[in-house]
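Analysis of the macromolecular model
Residue-level listing of the chains:
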Amino acid sequence: MDFYQLKVHFIGIGGIGVSGLARFLKAQGAIVSGSDIKDTSITQTLHNEGIAINIPHAKEVIFDKDIIIHSAIIKDSNIEIVESKRLHKQILSRKEALKILLSKKKVLSICAAHGKSSTSAILAAILPHSGAIIGAISKEFQSNVRVSQDELLVFEADESDKSFLNSNPYKSIVLNAEAEHLESYDNDFMKLQDSYLAFMELGKHVVLNMQCVVLQQLYMRLKKSKKQPHITCLYPECDIQNINYELRDFLPYTTFTLRDLGQFSIYGIGYHNALNASMAILSAYDLLPLETIRNNLLAFKGIKKRFDILQHLQEHAPCIIDDYAHHPTEIIATLEATKKYALLLEEQQVLQKDSHNNYKITAIFQPHKYSRLRDNLEAFCACFAACDTLVILPVWAAGEEKIDFDFPTLFKAYKPIFAEKIKREQTNIHLLDSNNNIIATLQKGIIVGLGAGDITYQLRGEQ
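Treat the numbers as computed from the prediction; the structure is a model and nothing was measured.

The subject of this paragraph is the sheet that holds strand β21 (residues 421-425). Here three strands make up an open sheet; going across it, the order is β21-β22-β23 and the pairing antiparallel. Unpaired on one side and paired on the other, β21 and β23 (438-442) mark the two borders of the sheet. In this sheet, adjacent strand axes meet at a mean angle of 25° when their direction is disregarded. Relative to strand β22 (residues 428-432), β21 runs antiparallel, the two sharing five bridges. Opposite glutamate 425, over in β22, you have asparagine 428 as the bridge partner.

Here the focus is the pattern of salt bridges. Inspection of the entire model under this criterion finds 22 salt bridges. Note that glutamate 183 and lysine 369 form a salt bridge whose closest N and O atoms lie 3.8 Å from each other. In this pair, glutamate 183 sits in the loop between β10 (169-174) and α6 (189-202) while lysine 369 sits in the loop between β18 (361-365) and α12 (370-375), placing the two residues 186 residues apart along the sequence. Connected through salt bridges with shared partners, the residues Lys139, Asp308, Asp322 and Arg460 form a single ionic network.

All right, on to the nonpolar core then. Membership of the largest hydrophobic core comes to 80 residues, with the highest contact counts inside it found for Ile126 and Phe384. The element that contributes the greatest number of residues to this core is helix α9 (residues 271-284), accounting for eight residues. In this view, isoleucine 126 contacts Ala280, Ile281, Ala284, Leu288, Ile293, Asn296 and Leu297; residues no more than four positions away in its chain are not counted.

With that out of the way, let us pick up the packing of aromatic side chains. Using the criterion set out here, one finds 13 aromatic pairs in the structure. Arranged with centres 5.1 Å apart and planes meeting at 25°, the rings of phenylalanine 164 and phenylalanine 199 form a pair that is stacked. Taken together, the residues phenylalanine 164 in the loop between β9 (152-156) and β10 and phenylalanine 199 in helix α6 connect sequence positions 35 residues apart. For the pair shown, phenylalanine 164 and phenylalanine 199 are each scored as buried. One aromatic cluster is present, formed by Phe365, Phe380, Phe384, Phe405, Phe407, Phe411 and Tyr414 through successive ring pairs. For the cation-ring pair, lysine 106 lies above tyrosine 170, with the distance from its terminal atom to the ring centre recorded as 4.5 Å. Its end group placed over the ring of phenylalanine 264, arginine 294 keeps NZ or CZ at 4.6 Å from the ring centre.

Its place among the elements puts aspartate 161 in the loop between β9 and β10. A residue is classified by how much of its surface remains accessible, and aspartate 161, at 14% relative accessible area, is buried. Residues aspartate 161 and isoleucine 73 lie 88 residues apart in sequence; the distance between their C-alpha atoms is 9.7 Å. Once residues within four sequence positions are removed from consideration, aspartate 161 is found in contact with Ala72, Arg94, Lys95 and Ser184.

This next bit is on the sheet that holds strand β15 (residues 263-267). With antiparallel pairing, the three strands of this open sheet are ordered in space as β13-β14-β15. Here the strands that pair on one side only, and so sit at the sheet edges, are β13 (240-248) and β15. If you compare each strand with its neighbour and ignore which way they point, the axes differ by 25° on average. Bridging between β13 and strand β14 (residues 251-258) involves seven bridges; their strand directions are antiparallel. What sits directly across from arginine 248, in β14, is leucine 251. Set on the sheet, α9 makes contact with β13, β14 and β15; between it and β14 the angle comes to about 55°.

Moving on, we get to the pairing of strand β1 (residues 7-11). Most of β1 sits out of view: four of its five residues are buried. The pairing of β1 with strand β2 (residues 31-35) spans five bridges and is parallel. Pairing of phenylalanine 10 across the sheet is with glycine 34, part of β2. Running through helix α1 (residues 16-27), the crossover from β1 to the neighbouring parallel element β2 is right-handed. Sheet analysis places β1 next to strand β4 (residues 67-70), joined by four bridges and oriented parallel.

With that out of the way, let us pick up the pairing of β18. With five of five residues buried, β18 is to be regarded as a mostly interior element. In β18, alternate side chains face the same way, and those of Ile361, Ala363 and Phe365 on one face and Thr362 and Ile364 on the other are all buried. Where β18 and strand β24 (residues 446-450) come together, five bridges link them in parallel fashion. Paired with alanine 363 across the two strands is valine 448, which belongs to β24. Pairing analysis gives four bridges linking β18 to strand β19 (residues 389-392), with the strands arranged parallel. By the bridge assignment for β19, alanine 363 is matched with leucine 390.

What counts and what doesn't
Residues numbered from 1 in each chain as written. Predicted model: local features only at pLDDT ≥ 70, side-chain atom pairs only at ≥ 80, totals over all residues. Heavy atoms only, no water. Pairing = 2+ DSSP bridges. Helix = DSSP H or I, 4+ residues; strand = E, 2+ residues; numbered from the N terminus. Axes fitted to C-alpha atoms, helices over the stretch in contact; angles between N-to-C directions. Salt bridge = Lys/Arg side-chain N within 4 Å of Asp/Glu carboxyl O. Core = buried A, V, L, I, M, F, W, Y, C linked by side-chain atoms within 4.5 Å. Buried < 20%, exposed > 50% of the residue type's maximum accessible area, 1.4 Å probe, protein only. Contact = heavy atoms within 4.5 Å. Phe/Tyr/Trp six-rings, centres within 6.5 Å; stacked < 30°, edge-to-face > 60°. Lys NZ or Arg CZ within 6 Å of the ring centre and 35° of its normal. Right-handed = clockwise from strand over helix to strand, strands pointing away.

Here it is, written out as structure tokens:
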């Protein structure tokens, strides 16, 4: 389908995945518009890029549109969906649109329960000539989309709604698989694994992280499949060695050696950065010379909301870090990285009046979805060991029905502080109760926000 000059309207355009498709289609010459329930930094940026945005949803915006594309969370009762059906418009879900949009590209499709955004952005940095559609904002090109006429496209695929099966993978790159988003798979983990296998079978090349037990099992099934893609396996325990961490102008870097390919350096801190970078390197190994890969890797500057340092540690101000971690596995990795970062700051005596207390870690946790808490409750209760102080905010429901949890009892080992919300005021963070009274003010140390809800906007002082 040629989208040139077609009027394409996106319902739920404020979502990171849908906003990426909107930018991608605009670059193909489509006349793009969109709507969402509320204005956000994403919708504001899209508006500034020349995309007409309507807040909130309104049926009047539909009448002259050629194609309607909607995000996975948009229901049939949405006023614009109802109007689109009444006017007999062509309506596509995001995953249906993907199949059309990616059909002519050589797609390097990255999927995982954790780490896919970072790995996608790293691979995009290694392949600067390629296009990219990522589920986060790359700090390298300040967008979640990079337009290119090259046939190669780095794409962050999404298993949550099965849309990764429509991503037309030339290479199926899988970092890990866990029992997440099972509501799309009849609450059956085996059905999710079957879909991962189908995703691998679609690719001519497959790159797997063999540290993941689920992927080890899927690898054996893939070897018995009638389809025989070329398979590259990363064995992190033996393939990744000599990991070291350092600060460069107060920014964290991880260096490591990969197999017999020599040393690499990647922005970020923590073992998971070396692993993500290794997966990206092996995915690009047959596409570029090794030294070009090594040099291009240095262009990666991180992604927004992934160990995103909003404010550096100062004499009279805390370090503030924003991180998207909302699953126990991610939280553990982020807090371990934060601890390593704190040790580096302390070793370099960043503060003139040096005291160990100045490097203590406060984690502000906004639980994301009641169902995720329910399904991983024991792991959540055990994943905050690396922080010195834990602050817990109300659950970000993401449209789910409330489930009651006894948070004071469940998390009593951490002696948590419970706050209704936080407020950024200049360099400090206030903890507020339900009446907007200040419970406490965080003025020193290292503060890391954890969650996939609106905590990112609270940390940035945007709400």
